[in-house]
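If you want the building blocks of each chain, they are given just below.
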Number of protein chains: 2
Amino acid sequence: MAKKYVYTFGNNKAEGNAQMKNLLGGKGANLAEMCLLSLPVPAGFTISTECCTDYYENNCTLPQSLLKEVEDGLHQIEDIMGAKYGDKENPLLVSCRSGARISMPGMMDTVLNIGLCKDTIPGLIKQTNNPRFVYDSYRRLIMMYADVVMEKAEGIAPVQGKGIRKILDDTLDSYKKQRNYKSDTELTEDDLKFLAENFKSIIKKELSVDFPDNAQEQLLGGIKAVFKSWNGDKAVSYRRIEKIPDNWGTAVNVQSMVFGNMGEDSATGVAFTRNPATGENKFYGEWLINAQGEDVVAGIRTPNPLNDETKNDHNKNLASLQESMPNIYKELCDIRQRLEDNYHDMLDIEFTIQHKKLYMLQCRVGKRTGIAAVQMAMNMLDEGLIDEKTAVLRIKVDQLEELLHPILDANDEKKYKPIASGLPAGPGGTFGKIALTSLEAIRLTQNKENSILVREETNPEDVEGMRAASGLLTARGGMTSHAALVARGWGKCCIVGSEGIEIDLDKKTVKIGGKEFKEGDVISLNGIKGLVYQGEIKMSGSPTENPLFKRFMSIVDKYPTIGVETNADNPDDVKQALNFGAKGIGLFRIEHMFYGKNSEAPLAVLRKMILSKTTQEREKYLNELLPYMKDSVKSTLKLMDGKPVTIRLMDPPLHEFVPHTEDKQILLAKELNITLADLQERIENLKEVNPMMGLRGVRLGIVYPEISRLQFKALFEAEAEVRKEGKNNPCLEIMIPLTITIDELKHQRKICDEVHREVEKAMNCSIEYKYGTMIEVPRATLVADEIAKAVDFFSFGTNDLTQMTLGFSRDDVNSIILAYTKNKILINDPFQTIDQQGVGQLVRMAIEKGRKANKDLRIGVCGEHGGDSESVKFFYNAGVDYVSCSPFRVPIARLAAAQIAIESK
Amino acid sequence: MAKKYVYTFGNNKAEGNAQMKNLLGGKGANLAEMCLLSLPVPAGFTISTECCTDYYENNCTLPQSLLKEVEDGLHQIEDIMGAKYGDKENPLLVSCRSGARISMPGMMDTVLNIGLCKDTIPGLIKQTNNPRFVYDSYRRLIMMYADVVMEKAEGIAPVQGKGIRKILDDTLDSYKKQRNYKSDTELTEDDLKFLAENFKSIIKKELSVDFPDNAQEQLLGGIKAVFKSWNGDKAVSYRRIEKIPDNWGTAVNVQSMVFGNMGEDSATGVAFTRNPATGENKFYGEWLINAQGEDVVAGIRTPNPLNDETKNDHNKNLASLQESMPNIYKELCDIRQRLEDNYHDMLDIEFTIQHKKLYMLQCRVGKRTGIAAVQMAMNMLDEGLIDEKTAVLRIKVDQLEELLHPILDANDEKKYKPIASGLPAGPGGTFGKIALTSLEAIRLTQNKENSILVREETNPEDVEGMRAASGLLTARGGMTSHAALVARGWGKCCIVGSEGIEIDLDKKTVKIGGKEFKEGDVISLNGIKGLVYQGEIKMSGSPTENPLFKRFMSIVDKYPTIGVETNADNPDDVKQALNFGAKGIGLFRIEHMFYGKNSEAPLAVLRKMILSKTTQEREKYLNELLPYMKDSVKSTLKLMDGKPVTIRLMDPPLHEFVPHTEDKQILLAKELNITLADLQERIENLKEVNPMMGLRGVRLGIVYPEISRLQFKALFEAEAEVRKEGKNNPCLEIMIPLTITIDELKHQRKICDEVHREVEKAMNCSIEYKYGTMIEVPRATLVADEIAKAVDFFSFGTNDLTQMTLGFSRDDVNSIILAYTKNKILINDPFQTIDQQGVGQLVRMAIEKGRKANKDLRIGVCGEHGGDSESVKFFYNAGVDYVSCSPFRVPIARLAAAQIAIESK
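Please read these numbers as outputs of a predicted model, since none were measured by experiment. Just so you know, the residues in each chain are numbered from 1, in the order the chain's sequence is written. Chain labels run from A onward and ligand labels from 1 onward, assigned in the order the entries are written. Residue-level local features of this predicted model are given only where pLDDT is at least 70; pairs of side-chain atoms are given and counted only at 80 or more, and the full residue set underlies all totals for whole chains, interfaces and linings. The basis for the side-chain values is all heavy atoms of the structure; hydrogens and waters are excluded.

**Student:** Would you mind going over helix α34 (residues 839–853) of chain A with me for this structure?
**Tutor:** Every α-helical turn comprises 3.6 residues, leaving residues that sit three or four positions apart pointing alike. Compared with the 21 Å implied by 1.5 Å per residue over 15 residues, the 21 Å span of α34 of chain A between its first and last C-alpha is a close match. V839, G840, L842, V843, M845, A846, I847 and G850 of chain A are the residues of α34 of chain A that are buried. The helix count covers DSSP runs of H or I at least four residues long, the strand count covers runs of E at least two residues long, and both are numbered beginning at the N terminus. Expected span of a helix, by definition, is 1.5 Å for each gap between consecutive residues, and there is one gap fewer than residues. For each residue, the accessible area found with a 1.4 Å probe, counting protein chains only, is set against the maximum for its type, and the residue is called buried under 20%, exposed over 50%, and partly exposed in between.

Here you go:
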């Protein structure tokens, strides 16, 4: 039996439902669901994503069995709609729309008005009694079809260098100019009739084939074009960013056309069942009278507000749907309620009004800012629409991250006057250099500079530049415009519809609020209020003061899961991490005291120690280092107030600490009382070909045991002093880095025990500590069973483990990783999300071996992967006890850990 | 029941035998075996190695149960020897000697004449009727005991800074000087009696304790001293070099004393049942009349030849045993025969003649040079003493390596006149700077300079320096002296007993053959003939012309095992490897054409290619490279004549190829038609922090597909042209380096297949090839099951795999590995012998996964471990199909592979 490819819907019945997204795509599944909810959906059918996959596997040919199914599906639409496809008397028109499992807004192609041709035009004129509308639809079909089906899908290139769409657009523009028309609406029936014929002959000339003026051919062309657009450049690029697998495919929704452009009693609109920017429980939308759906989303006309709540400075003078068509608005409000009751979530809907009749064209779970997501979850929890677990699961970690994103510093912002305003379409605040093109935004980002992409409006071609920019500012478009949707999806600061922006791409200047800026000038954006400022405003924002954040995190904490600790080496970071709920310090890098503020004095001593030639010399400087080290550890132990503090012995790239300019070298030589030549020779001796795999970590302590000895002494003295101050119960964990064999641990432990005894005796108090090791070299994972016998805890250093397992020097392989992800050789940057198949295999192995050998072994992760949600979920499943990440990632890790704990139940 | 620690032997009976080496040590097991063979062995007993281990585990205390066993053992000796230990009338004297599983010549301590004390002296004088001998033995016991037992074992330091032995020696010397004695033999009974009493009072003064003038105490002291010497500095250092485990322990042999120094009818000697330097089937030995055993080995007196065959320029005027004591010589010849018939091997024996009665004190399998080892094996095979398997197993790979060691170039040697001669004690030839101390030899080696250690005689303290030196030259000692034994064991070029050498350590000069040299001057040694030359003689020597080598290797090849291929990239190496029996090229590094001779022209093009900025530019230079590459591959395919040639795509450290001096950069900038600044920027861009893990291997081909494309083209064209010449059937294997995922292989395969089709079409012939990958990054081993599906073969690159698995940058960690082996953290240098526990685990995993996924997968090894015997045995067991190593290691690998195949049956 052949596969079933076609699933029909209409007349309150459907073969699919909302659960069938994988097969029917999001749009198809939700159209079916709306039918089942008895909402007014124009009849249609969905061709499954499976068919798309088969189409590609079959060398871009539609399966034979599909044709009969499409025919049957059409008949069913015909029966429901009372019209007949290709019929001369009462023709049915359909649309072909894409619909993937996950929404890819604007990334794939659509063909509307399919079925309109020389044979069906007279019948439709008779039915609508509106020949101008019919010819307008016809010329639209021709333009769209020539572009999407003939040029893009079938790959026929126009004779002229530019695309067929551009040729036809130019023809239309010059026709209008000749007649002094300012708008399309001035085109008459005859104009449109003439243009349609003219277009067809241009197509014949440019593409050497006829426009298929034939309903059957058009439908198959439309279906194929949608499938083909799955692999269009835009779609592929979007999938790479969003990490959507290439083999999912898109469904095709063939649906009876309804028209919002049939006159003043017709309209089209989009809406969110709640405010997608703030999360407020208010119906939020935009509409346009006498327009087709694409007009609202394209951001070409500023749309009308849906209702009073949606009014703002830009649209307050335009009539709302509530005012213009109160009955239909009421019907829409009712639908809103039924949808939320059914989906238990905020929905993004598209509707069309044709001759005062409301049709639902689409509904889907709506994208939202992070703030809105958390706000909605809390509201829905209060409303009883969802439970706490659902609330926790509903927030994506990157949405939570948005809450953590910096905003403009309120005090600094007060000092500036906004130069322009717009719609607050994306969260937070930012500043950056003006970039007038995507390329410039990408260039600035590559130079590690903030950029604000300023555009009249954005379109899917801008995706990469939008991704690169720190913020977006557009002249046109509403809250549902392309720029707004994409920015919100990414949690990027964005202001749209800021009137008075005039861009001159030739001169590379832009007028904002009447003031001229050059590309490269700095502006700041407040994405919450929609305000634009000249210059760089300070960033601010401790999200820990946000009550919404606090409440949400307190719910997150109700779900027992792995611990979240932090990587912190200075009091600021430690405090920040505690505010963010860190349960301990999983990684305190002792050498970080030689970076940053107050580091000059210890750094000067460190340099001498590093450049010492004899043990005696080295010991002298080590002793000078001791008080600095002890103080640094003491203050951290105090701040952590009994929570574990895991201190990693020095793992410094020695050569980084020595002076590289001659004047500094001369000075240091004098201090060391040696010649410059001698100093330079010592510096030269520190150079390594591959420092990553050289004299580092525990190796340092084996080659120079005195370096370990000193550190142990500093740690134990710090603990003893804190204990003597009697304020808390310091919890010291000593961590040995870069271990590859148990014998390294034994060697160091011997020194550690000696020092421990000495300090206990000298300070006359008992000192407790745990002894553990980093697992960050592949060999350590392989012999984890042995290593586990010598330690109390493991901590995976997944950064180095990734470097060595993949042979990727983090400092060198950025461009390689780019080439690899571009070529789909790697799916993720393995330094961002753990490589589960490779590195993950070693992690799992080490955990299993380690636990078998030492059942009390505590196991953590202190690489940067500890703050990546996908990685956290992997670590949870692999069985670690805790992850440790940078302070700002702590809430992310807490959420990810809670989610995976809930999901695993 | 208590453990049995004591095993008796004597009177043609024994509780042990030759198989019990682990328990009784080599010496003890062989003493027992000789008793079983009814050879004249003085009665004794062996305290087991287990007792030594227990002694150390028990905090250096002898087990309680041992004392009774020792007492019983003594009684048995007393019964056989007819004397009584500690008896006043007829006292028994014993020796305490060490004896480990594996001989550690001179590394542990011995105490002789134990049981001689004020109570037993009169009885012994009565028995021997030789009071001078008795007092001489007594003063020897006191000197030895004070040194070995009291100072070294019991750790009592003398009041003076120098050792007690030195103090007593100095006392003896000044006593002799006062009396104008030139030799010890001039000391009278009264002198010796006085000295003994004097020594005892010095001991009391210096060590604050009495010399134990008491038989019972002496015996336990001697036993403990031997155990203690197992952990003496010399022994520990020797074990580190020889890789002998610390926990094996030594046995103690307590044996009835016999005296070679009882007058002119007494003697002592050592012998080899065959010539240990050449392997000739001739009885070979040295002896001294009226001497104790240590005198022969110590090399202080030049010993007499055993027989006519042993006579040489140095000893031809001394009487042989054959001449002096023909009956005893005949008895010894008979013993020689019985021992070889029993052991089926060449033996090293020690004997003592006391009043014309022969006693066997030791026998063990004799050390020999590599040449002698092979010669003996072939002779014994011909004699029917051993079979072919035994012959193959008998040659240690490093003995075979000696045969491969370079010797002096015969033609160049002819141009020089020897300045001195000596005994040819170690094989091959060498040259180097004169080092007069071990420290200097070590220093030179660290500077990568050849050194010849020149000494009056060597002693165990010199072990590290002897190890470091390229060759050894001593003034004194025979073929069985310390220097000769050690050098032969290591296969190191060595000449001993070269008279006329005078060393002045203060002036750092040495006279050799009457000519004065400074330390650092260069000399050359011919270790086969025992000749010394001034200056540096060229090295030479293709062992493949050696018929002995050829015959042995032809026997080796009778045992089917894994294949041995070679790593070779130029015609010279390819020819060498074929001569050595390589079955293919397992690794041809394409970038090696840019090193060495004739590399200037292609290197110039390569530089331009590397520094290209655009694909177009790069392709231009790649096309210029094509003919060079093709020629290089063609000539190799032809030489290999149908054997597999595995070509690895370029894996160059790009930055190594660019010019680093400004004048060369200026020139290159001109050629590239760019500014110097631009060139320098491009060079700068190539720099990597950790080049080992940067843009290398397959990554190069993914970032710049044109680089792979060109190489595929060169390879296919080369093969096609060779095919067209019709001379052989080229067997091309293409190998992708640094793979971490199957998708890299697919990416490159696509290009490869395209080029393959193109070249087949263009050249109008069919081209065959295999496609494989290096497995050299840890991740590749983890996903070997996937990778295996895309390839015909794996080749383990164990060098890089070791680097990344251990996090050891080979260029940087030499000193770390030294510190690690010194501290016993690592047993071997993991770059020499594969780290079985770590890297080996990954290798096994990859083989298992790979074979499961692709049963036809061919698996090889092309890291340098492929030429290390221990590693080859590991690879055999892990299941590889072949190893590939540098040409000179091919015979080693063949032997190791045959041995493990035989052993595994």
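**Student:** Explanation requested: the relation of the copies chain B and chain A in the structure shown.
**Tutor:** For these two chain copies, the linking operation is a rotation about an axis paired with a shift along it. The least-squares superposition of copies is restricted to C-alpha atoms, and to residues with a pLDDT of at least 70 in both copies. The two copies are related by a screw motion: chain B maps onto chain A through a turn of 180° and a shift of 0.3 Å along the axis, at an RMSD of 0.2 Å. Both copies of the chain, as the preceding transformation shows, are related through a two-fold rotation axis. Considering only C-alpha atoms, the residue of chain B closest to the rotation axis is N690 of chain B, which sits at 2.2 Å. Here 100% of the interface residues in chain B have copies in chain A that are interface residues too; the copies meet face to matching face. Contacts are residue-level and defined by heavy atoms, with any inter-residue pair within 4.5 Å sufficient.

**Student:** Whenever I open this one, the packing of aromatic side chains confuses me. Can you help?
**Tutor:** Only Phe, Tyr and Trp rings are paired, with Trp represented by its six-membered ring, and only when their centres lie within 6.5 Å; those with planes under 30 degrees apart are stacked, over 60 edge-to-face, the remainder tilted. Taken as a whole and assessed by the stated rule, the structure comprises 28 aromatic pairs over all chains. Ring geometry for Y416 of chain A and Y533 of chain A: centres 6.4 Å apart, planes at 80°, overall edge-to-face. One end of the pair, Y416 of chain A, is in the loop between α16 (410–414) and β15 (420–421); the other, Y533 of chain A, is in strand β25 (residues 531–534), with 117 residues separating them in the sequence. Y416 of chain A sits in the partly exposed class, given a relative accessible area of 29%. Given a relative accessible area of 3%, Y533 of chain A falls into the buried group. Ring geometry for F874 of chain B against F875 of chain B: centres 5.6 Å apart, planes inclined by 65°, an arrangement best described as edge-to-face. When its relative accessible area of 0% is taken as the criterion, F875 of chain B is described as buried. In this scheme, the term charge over a ring applies when either NZ of a lysine or CZ of an arginine sits within 6 Å of the ring centre and within 35 degrees of the ring normal. If you follow R179 of chain B out to its NZ or CZ, it ends over the ring of Y175 of chain B, 3.7 Å from the centre.

**Student:** Please clarify how the confidence of the model for chain A should be interpreted in this entry.
**Tutor:** Should the pLDDT be low somewhere, the predicted coordinates at that spot are not to be read in detail. Looking at chain A, pLDDT values average 91 and 98% of them are 70 or higher. Scored by ipTM, the complex comes to 0.79, with pTM at 0.80. pLDDT runs from 0 to 100 and stands for how confident the predictor is about each residue.

**Student:** I'm lost on the interface of chain B and chain A in this one. Help?
**Tutor:** Many descriptions give the size of an interface as the accessible area lost when the pieces come together. Counting residues at the interface gives 46 residues for chain B and 46 residues for chain A. Buried surface at the junction of chain B and chain A, both sides included, amounts to about 4000 Å², of which 60% is carbon and sulfur. Interface area lost by chain B to chain A is led by M693, R779 and I825 of chain B, which between them contribute 16%. Counted as salt bridges are all cases of a side-chain nitrogen of Lys or Arg within 4 Å of a carboxyl oxygen of Asp or Glu. At the boundary of chain B and chain A, one finds two salt bridges. Close ionic contact of D835 of chain A with R779 of chain B constitutes a salt bridge, the shortest N to O distance being 2.6 Å. For the side of chain B that touches chain A, the secondary-structure elements that each account for two or more residues are α27 (697–703), α29 (742–763), α30 (778–782), α32 (798–806), α33 (814–822) and α34 (839–853) of chain B. Classification used: nonpolar for Ala, Val, Leu, Ile, Met, Phe, Trp, Tyr, Cys and Pro, charged for Asp, Glu, Lys and Arg, polar for all others including Gly. For the side of chain B that touches chain A, the per-class residue count stands at 23 nonpolar, 12 polar and 11 charged. Reported buried area values correspond to the accessible surface (1.4 Å probe) lost by two parts on association, with both partners' losses combined.

**Student:** Explain the packing of helix α35 (residues 869–878) of chain B against helix α36 (residues 890–904) of chain B to me, please; I cannot follow it from the model alone.
**Tutor:** Any two packed helices are characterised by the angle at which their axes cross and by the distance between the axes. Residue and element names in this part refer to chain B. Their axes nearest at 9 Å, the elements α35 and α36 cross at an angle of 50°. The pairing of α35 with α36 is recorded here as oblique in orientation. For the pair α35 and α36, the crossing hand works out as right-handed. Contact with α35, carried on its side by S869, V872, K873, Y876 and N877, involves A893, A896, A897, Q899, I900, A901, E903 and S904 of α36 and no other residues of that element. To get an axis, fit a line to the C-alpha atoms, keeping to the stretch in contact for a helix; angles then go from 0 to 180 degrees between the N-to-C directions. Geometric relationships in this document are graded by angle, where less than 35 degrees denotes roughly parallel, more than 145 denotes roughly antiparallel, 65 to 115 denotes roughly perpendicular, and other angles denote oblique. We call a crossing left-handed when the near helix sits turned anticlockwise from the far one by less than a right angle, and right-handed when that turn is clockwise.

**Student:** How do you make sense of the sheet that holds strand β27 (residues 563–567) of chain B when you look at a structure like this?
**Tutor:** Two modes of strand pairing occur in sheets, parallel and antiparallel, and in both the strands are linked by backbone hydrogen bonds. Residues and elements named next belong to chain B. A barrel is described by the order of its strands in space; here eight strands give the closed sequence β27-β28-β29-β30-β31-β32-β33-β34, paired in parallel fashion. Pairs of neighbouring strands in the sheet enclose a mean axial angle of 30°, with direction left out of account. Only strands that DSSP links by at least two bridges are regarded as paired with each other. One ladder, built from two bridges, connects strand β33 (residues 858–861) with strand β34 (residues 882–885); its direction is parallel. Among the inter-strand pairings, G860 is bridged to a residue of β34, identified as Y882. The strands that α34 touches are β32 (793–796) and β33; relative to β32, the one it contacts most, it runs at about 180°.

**Student:** Got a minute to help me understand empty space enclosed by the protein in this structure?
**Tutor:** If a probe the size of a water molecule is rolled over the atoms, the empty space left behind becomes visible. In the cavity and pocket records, a cavity denotes points on a 1 Å grid over the protein atoms alone where a 1.4 Å probe fits but cannot get out, a pocket denotes an open set with protein on both sides within 12 Å along at least 5 of 7 lines, and lining residues are residues with an atom within 4 Å of a point. Grid points are joined across faces, edges and corners, and a volume is the space filled by probe spheres set on the points. A full pass over the atoms with the stated rule returns eight cavities of 30 Å³ or more. In this model, the largest cavity occupies a volume close to 120 Å³. Along the wall of the largest cavity there are 13 residues; nearest its centre are R97, L112, M257, V258 and L361 of chain B. If you list the elements that add at least two residues to the lining of the largest cavity, you get β6 (94–100), β8 (250–256) and α10 (293–298) of chain B. For the lining of the largest cavity, a count of residues per class yields four nonpolar, seven polar and two charged. Roughly 80 Å³ of internal volume is contained in the second largest cavity. Lining the second largest cavity are 13 residues, and of these R97, V258, Q292, G293 and T352 of chain A sit closest to its centre. Of the residues belonging to the lining of the second largest cavity, the class tally is six nonpolar, five polar and two charged.

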